[in-house]
Amino acid sequence: MKTLRLHILRHGLTQGNLDGLYVGHTDMPLCEKGRAQLEEMKQQYRYPDTQFVFSSPLKRCLETAQILYPSLKPMVIDALTEYDFGEYDGKSAAELHEKSPLFDRWLRGEAGVKPPFGESNEDFTRRVCSAFARIVEGLLKTGTDDACIITHGGVLMAILAN
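The following paragraphs examine the structure supplied in this document.

Digging into the sheet that holds strand β3 (residues 75–76)
Across the sheet, which stays open at both edges, the four strands sit in the order β1-β4-β2-β3 with parallel pairing between neighbours. Every interior strand has two partners, whereas the edge strands, β1 (5–10) and β3, have only one. Here β1 pairs with strand β4 (residues 146–151) via six bridges, running parallel. Bridge pairing in β4 places leucine 6 opposite alanine 147. Against the sheet, helix α3 (residues 59–68) contacts β1, β2 (53–55), β3 and β4, and its axis sits at roughly 140° relative to β4. In the packing of helix α6 (residues 121–142) onto the sheet, the strands contacted are β1, β2 and β4, and the crossing angle to β1 comes to about 145°.

Structure, rendered in structure tokens:
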């Protein structure tokens, strides 16, 4: 039986994270604090050596990959993009509780409920888990035994929950 090590890392901080906003498909870069934290952690801790890096196409993930693995060119996987929050993107939970009657139902994970013009929890989970399965299959087929995925918090949670 072959052992496969797959490291799953979340991107560094963005201004949207600091502001407590839902940021999904908005292509927000790392903020200065996020870059500095990654550089500091890179000095303090040993990030796993890896043969290959997969990344979401969004700037915050690609910038994180560049900081942590400057000698590796990440393979961009569109399906590793964060949740499509639709009209919720760029807004805080407090704002959405106040203005959107669907928000609480969506937050509870009610089946079929999705942000206006966004994706449902079911569609998101299906997209992410399918991408993860394809990554694992590809690694096994190529004999690659160590890789890293740099992606978003929602994607991480979906992979780990499933």
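We are not done yet, so read on.
Comments concerning the side chain of serine 56
With respect to the helices, strands and loops of the structure, serine 56 is situated in the loop between β2 and α3. On the basis of relative accessibility, which here comes to 0%, the residue serine 56 falls in the buried class. Here the side chain of serine 56 touches histidine 152 through a polar contact of 2.8 Å, side chain to side chain. Leave out the neighbours within four places in its chain, and serine 56 touches Cys61, Leu62, Val76, Ile77, Leu80, Thr81, Ile150, Thr151 and His152.

Parameters and conventions
- Residues numbered from 1 in each chain as written.
- Predicted model: local features only at pLDDT ≥ 70, side-chain atom pairs only at ≥ 80, totals over all residues.
- Heavy atoms only, no water.
- Pairing = 2+ DSSP bridges.
- Helix = DSSP H or I, 4+ residues; strand = E, 2+ residues; numbered from the N terminus.
- Contact = heavy atoms within 4.5 Å.
- Axes fitted to C-alpha atoms, helices over the stretch in contact; angles between N-to-C directions.
- Buried < 20%, exposed > 50% of the residue type's maximum accessible area, 1.4 Å probe, protein only.
- Polar contact = N/O pair within 3.5 Å; in protein donor to acceptor, adjacent residues only side chain to side chain.

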